[in-house]
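# What the coordinates show
If you want the building blocks of each chain, they are given just below.
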Amino acid sequence: APPLLTDTAVTAGRLGLLGAVTLPRLLAQADHQVGGALPWPGPALTGGSCDRGSPGNWGDPLPAGGPCAGWFPVINAGAGTLVGGGVGQGVLLGVGALELAGDVSFTGVVIALGPLHLRDRARVTGAVIALDSVTLSDSVTVEWSDCAATMALSGAARPADRPSRPWVVLP
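Here is a short report on the structure shown in this document. (Residues numbered from 1 in each chain as written. Predicted model: local features only at pLDDT ≥ 70, side-chain atom pairs only at ≥ 80, totals over all residues. Heavy atoms only, no water.)

Turning to the overall build of the protein, a few remarks are in order. Each helix and strand counted, the protein has three helices and 13 strands in total. The proportion of buried residues among the 171 residues of the protein is 40%. Of all intrachain contacts in the protein linking residues separated by at least 6 positions in sequence, the fraction that spans at least 24 positions is 34%. Put simply, the protein shows about 9200 Å² of open surface, and 59% of that area lies on carbon and sulfur atoms. (Helix = DSSP H or I, 4+ residues; strand = E, 2+ residues; numbered from the N terminus. Buried < 20%, exposed > 50% of the residue type's maximum accessible area, 1.4 Å probe, protein only. Contact = heavy atoms within 4.5 Å. Areas by Shrake-Rupley, 256 points an atom, 1.4 Å probe, with all protein chains shown as cover.)

Turning our attention to the state of the cysteines. Under the counting rule described, the total for this entry stands at one disulfide. Here Cys50 pairs with Cys68 through a disulfide, and the sulfurs are 2.3 Å apart. Between Cys50 and Cys68, the S-S dihedral sits near 110°, and the bridge is therefore right-handed. Of this pair, Cys50 sits in strand β6 (residues 49-50) while Cys68 sits in the loop between β6 and β7 (74-77), placing them 18 residues apart in sequence. Each of the two residues, Cys50 as well as Cys68, counts as buried. (Disulfide = S-S within 2.5 Å.)

Moving on, we come to unusual backbone geometry. Positive phi, close to 60°, is recorded for Asp120, a residue that is not glycine. By secondary structure assignment, the location of Asp120 is in the loop between β10 (116-118) and β11 (123-130).

Any functional reading would require information beyond the geometric quantities listed.
Right under this line is the structure:
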């Protein structure tokens, strides 16, 4: 069993604020809302260009120069989502039980608000944050990568309201 770092400071309340954007707002602004069994997400092209509207298009971590290499979607995965293979990158937000299985490879940040189960040959490169239980089985690989997490969060950035005030402090 690989060592897992348990951080008791990670709570739903603290995770609810991701910088200037709340978790509920990020979920609502997700590029894709998915659920159920997803057999094989991966890059999708239309006329040689990255088709960002395709719900199965979760970007393309390889090759680095492909049309979907710069696409880092935010994916809102409903309760009971099972990803059974494929590739993707960005931010994967599991709002309930989330399972990554088969030959799935995800690069970026996985945030699971419910139980997270990784099995078979699932691979996550970046960061995994889970508020509930995490189960690893079979030949799973979870590899911390500051670079992958930073790229995913930067690429998935969403505009946020800037706090303002109707007054100015004068000396």
